[in-house]
Amino acid sequence: MLTFTEAELLAWITPLLWPFLRALALFTSLPVLGQRIVPVRVRIALAFFITVAAQATLPAMPNVPLDSPVALLMAAQQVLIGVALGFAVRIVFAAVEMAGEVIGLQMGLNFASFFDPATASQTNAAGRLFGSMVALLFIVTNGHLAVIAALVQSFHAFPVGTDVLGWARTLQPQVWGAEVFHLGLWIALPLVGMLLFVNIVLGVISRVAPQINVFAVGFPITLAVGLIGMLLTLPLMESPFTMALERMLATFR
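Residues numbered from 1 in each chain as written. Predicted model: local features only at pLDDT ≥ 70, side-chain atom pairs only at ≥ 80, totals over all residues. Heavy atoms only, no water.

A. Highlighting the overall build of the chain. If you tally the helices and strands in the chain, you get nine helices and two strands. Helices and strands appear in the chain in the N-to-C order α-α-α-β-β-α-α-α-α-α-α. Against the compact-globule benchmark of 18 Å for 253 residues, the chain has a radius of gyration of 24 Å, which places it well outside the compact range. Projecting the C-alpha coordinates of the chain onto the three principal axes gives extents of approximately 95 × 35 × 30 Å. Burial analysis of the chain (253 residues in total) assigns 40% to the buried set. Summarising the internal contacts of the chain: among those between residues at least 6 apart in sequence, 79% fall at separations of at least 24. Surface exposure of the chain reaches about 13700 Å², of which carbon and sulfur atoms provide 72%. (Helix = DSSP H or I, 4+ residues; strand = E, 2+ residues; numbered from the N terminus. Rg over C-alpha atoms; globule rule 2.2 N^0.38 Å. Buried < 20%, exposed > 50% of the residue type's maximum accessible area, 1.4 Å probe, protein only. Contact = heavy atoms within 4.5 Å. Areas by Shrake-Rupley, 256 points an atom, 1.4 Å probe, with all protein chains shown as cover.)

See the structure below:
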């Protein structure tokens, strides 16, 4: 008859439980894979598969009774670190979408805004285009593999323990919001400068030839210049996106 003790059962479960909680929290908050269109069963299966596959590289996990307050603190730590890792990736996505919002505003597309159920907010056509492009870049450039590698390395940088907020003192997630404006304006700056120059030219034309209806001519010109600029700058988005993603993930390694 097969028998085993409680200590042996804990020794089997704990190496899988804590990484599984952190991975599941990551896939809950991660862009693309954390959206509502991805079934919950798929997220759970991915988290379990990554947990099993990464066992050879993970450090030793502490064995604590699962019905103790210490286990509750350790579970809270794993959930918070996993959510923070997904939030770091979402910061990069939000920065690129903000660049699209700024460009769309300069192009005059602010009136063409609609409700985005994925983010539960209003967005314009340019912002939605940039959001779709960055989602494709995330998959094409193997961003999901970089996130999984950062998840595995986070167990060495922030090992499983009872210090629930110890990782927050190191990562300083409250300052990550500045990355949204920094990266977003960096991506949008070429197009914003181009559209600003077009607006200055239209202003000069309206002063030189007042009989020209600038409001009727300016919108098609601004829209055409903005679309041409987006066509030229979208292929160059990979470099800033990859740099920002690696910089955010490096804090977990």
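B. How the structure looks around unusual backbone geometry. A positive phi angle, near 70°, is found at Val-32, a position not held by glycine. Positionally, Val-32 belongs in the loop between α1 (6–29) and α2 (40–53). Phi at Asn-142 takes a positive value of approximately 60°, unusual for a residue other than glycine. Within the fold, Asn-142 resides in the loop between α4 (125–140) and α5 (143–157).

C. Structural view of the side chain of Gln-78. Mapped onto the elements, Gln-78 comes out in helix α3 (residues 69–107). Beyond its immediate stretch of four places on either side in the chain, Gln-78 contacts Trp-18, Leu-21, Arg-22, Ala-25, Phe-155 and Val-160.

D. Local environment of the packing of α3 against α4. For the pair α3 and α4, interaxial distance at closest approach is 7 Å and the crossing angle is 145°. Like other packed secondary-structure pairs, α3 and α4 cross with a definite hand, here right-handed. Contact residues: Val-89, Phe-93, Val-96, Glu-97, Gly-100, Glu-101, Ile-103 and Gly-104 in α3; Ala-126, Gly-127, Phe-130, Gly-131, Val-134, Ala-135 and Phe-138 in α4. Of the residues assigned to the contact of α3 with α4, the class counts are nine nonpolar, four polar and two charged. (Axes fitted to C-alpha atoms, helices over the stretch in contact; angles between N-to-C directions. Left-handed = near helix turned anticlockwise from the far one by under 90°. Nonpolar A, V, L, I, M, F, W, Y, C, P; charged D, E, K, R; others polar.)

E. Geometry of the confidence of the model for the chain. Scored by pLDDT, the chain has a mean of 82; 92% of the residues are at 70 or more. Model confidence for the chain, summarised as mean pLDDT per element, is weakest for strand β1 (residues 113–116) at 65 and strongest for α2 at 89. (pLDDT = per-residue confidence, 0-100.)

F. Representation of α4 in the model. For α4, which comprises 16 residues, the first-to-last C-alpha distance of 23 Å matches the rise-based estimate of 22 Å (1.5 Å per residue) to within 8%. For α4, the full list of buried residues reads Ala-126, Gly-127, Phe-130, Gly-131, Val-134, Leu-137 and Phe-138. With its buried residues spanning 135° around the axis, α4 presents them on a single face. What points out from α4, more than 90 degrees from its buried face, is the exposed set Leu-136 and Val-140. A positive backbone phi angle near 60° is found at Asn-142, which sits one or two residues after α4. (Expected span 1.5 Å × (residues − 1). Arc of directions from axis to C-beta.)

G. Molecular detail of the nonpolar core. Within the largest apolar cluster, 61 residues are counted, with the highest numbers of intra-cluster contacts made by Trp-18, Val-89, Phe-130, Phe-138, Phe-241 and Phe-252. At the level of secondary structure, the elements contributing two or more residues to this core comprise α1, α2, α3, α4, α5, α6 (166–171), α7 (177–208) and α9 (238–249). Among the elements that take part in this core, α3 stands out by supplying 17 residues, more than any other. Once residues within four sequence positions are removed from consideration, Trp-18 is found in contact with Met-61, Pro-62, Val-64, Leu-66, Ala-71, Met-74, Ala-75, Gln-78, Phe-155 and Val-160. (Core = buried A, V, L, I, M, F, W, Y, C linked by side-chain atoms within 4.5 Å.)

H. Up close: the packing of α7 against α9. At their nearest, the axes of α7 and α9 sit 11 Å apart, and the two run at 165° to each other. Judged by the inter-axis angle, α7 sits roughly antiparallel to α9. As for the relative orientation of α7 and α9, their crossing is right-handed in sense. For the pair α7 and α9, contact is made by Glu-179, His-182, Leu-183, Trp-186 and Ile-187 and by Pro-240, Met-243, Ala-244, Arg-247 and Met-248, respectively. (Parallel < 35°, antiparallel > 145°, perpendicular 65-115°, else oblique.)

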